[in-house]
Amino acid sequence: MRQLLSALAIASVALAALPAHAQDAAAGAKKIAMCIGCHGIPEYRASFPEVYRVPKISGQNAGYIVAALQAYAKGDRKHPTMRGIAGSLSEQDMKDIGAFYEQQGKGEPAPATVAAAPEAIAAKLQACAACHGANFSKTLDGNHPKLAGQHADFLYVALRSYQAEGKATWGRGNAIMQGQIKELKPAELKQIAAYLASLPGELKTVPQSATR
């Protein structure tokens, strides 16, 4: 018995030392059935908490997609539909889905320099560039989202969600983002969203059939 327990202990240590499974885009292609009904339809609009186009996620950083799904699963992001979907996914599922969408949008990189922001919001965007990149596509790391070329109406709703407090089904919990925009007015958020949407970027929506 003692020998058996020793063998089991050694086996457990060996398994724990094994590296985590890498993200697998090919596997991710088989796990996106719940995604393509919204994110595989160009210009598809969601209606909660208001009408807006769902985000382009093809070409998005895989690490950010994983981080976003984790936030929905944990409740840091409160959108009911996304929470339900994320809660059904394993960590490996999230990695594979992130890898699939990052690879699906591969194409020409965004230009290194972009048009200057309007003077009214230029100073406010300086802090954003530190994480999201000077061109808002080359991010600090893969856990931050690319923003250039994203739908303006989605960006506006996303920014507003960081200002939402005490709501059961709407809002995002992120101390850095909350600190950055807590004092901004809706008109300023709309200006920021419009500017970011106007920039050339790497994000896209790739049409996909729900019956694929």
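Bear in mind the structure is a predicted one, so any value in this text is a computation, not a measurement.

A. Looking closely at the environment of T139. Position of T139 relative to the elements: it lies in the loop between helix 7 (119–132) and helix 8 (152–161). Counting along the chain gives ten residues from T139 to A129, while the straight-line C-alpha distance between them is 8.2 Å. A distance of 2.7 Å separates a polar side-chain atom of T139 from the backbone oxygen of D141.

B. Molecular detail of the pattern of salt bridges. Applying the stated rule across the entire model yields eight salt bridges. We note a salt bridge from E50 to R160, for which the minimum N-O separation is 2.5 Å. In this pair, E50 is assigned in the loop between strand 1 (45–46) and strand 2 (52–53) and R160 in helix 8, connecting sequence segments 110 residues apart. You can call E50 partly exposed: its relative accessible area is 28%. In this structure, R53 engages D153 in a salt bridge whose closest nitrogen and oxygen atoms are separated by 3.2 Å.

C. How the structure looks around the packing of helix 7 against helix 10 (residues 186–198). Helix 10 packs onto helix 7 with a crossing angle of 80° between their chain directions and a minimal axis gap of 10 Å. The angle between helix 7 and helix 10 places the two elements in the roughly perpendicular class. On helix 10, the residues that touch A120, I121, K124 and L125 of helix 7 are E188, Q191, I192, Y195 and L196. In terms of residue class, the contact of helix 7 with helix 10 is made up of six nonpolar, one polar and two charged.

D. Representation of the packing of aromatic side chains. Applying the stated criterion across every chain, the model contains three aromatic pairs. Between Y52 and F154, the ring centres sit 6.3 Å apart and the planes meet at 40°, which makes this aromatic pair tilted. You can see Y52 sitting in strand 2 and its partner F154 sitting in helix 8, a full 102 residues away along the chain. Both residues of the pair, Y52 and F154, belong to the buried class. Centre to centre, the rings of F100 and Y101 are 5.1 Å apart; their planes meet at 75°, and the pair counts as edge-to-face.

Thresholds, definitions, all that
- Residues numbered from 1 in each chain as written.
- Predicted model: local features only at pLDDT ≥ 70, side-chain atom pairs only at ≥ 80, totals over all residues.
- Heavy atoms only, no water.
- Helix = DSSP H or I, 4+ residues; strand = E, 2+ residues; numbered from the N terminus.
- Polar contact = N/O pair within 3.5 Å; in protein donor to acceptor, adjacent residues only side chain to side chain.
- Salt bridge = Lys/Arg side-chain N within 4 Å of Asp/Glu carboxyl O.
- Buried < 20%, exposed > 50% of the residue type's maximum accessible area, 1.4 Å probe, protein only.
- Axes fitted to C-alpha atoms, helices over the stretch in contact; angles between N-to-C directions.
- Parallel < 35°, antiparallel > 145°, perpendicular 65-115°, else oblique.
- Contact = heavy atoms within 4.5 Å.
- Nonpolar A, V, L, I, M, F, W, Y, C, P; charged D, E, K, R; others polar.
- Phe/Tyr/Trp six-rings, centres within 6.5 Å; stacked < 30°, edge-to-face > 60°.

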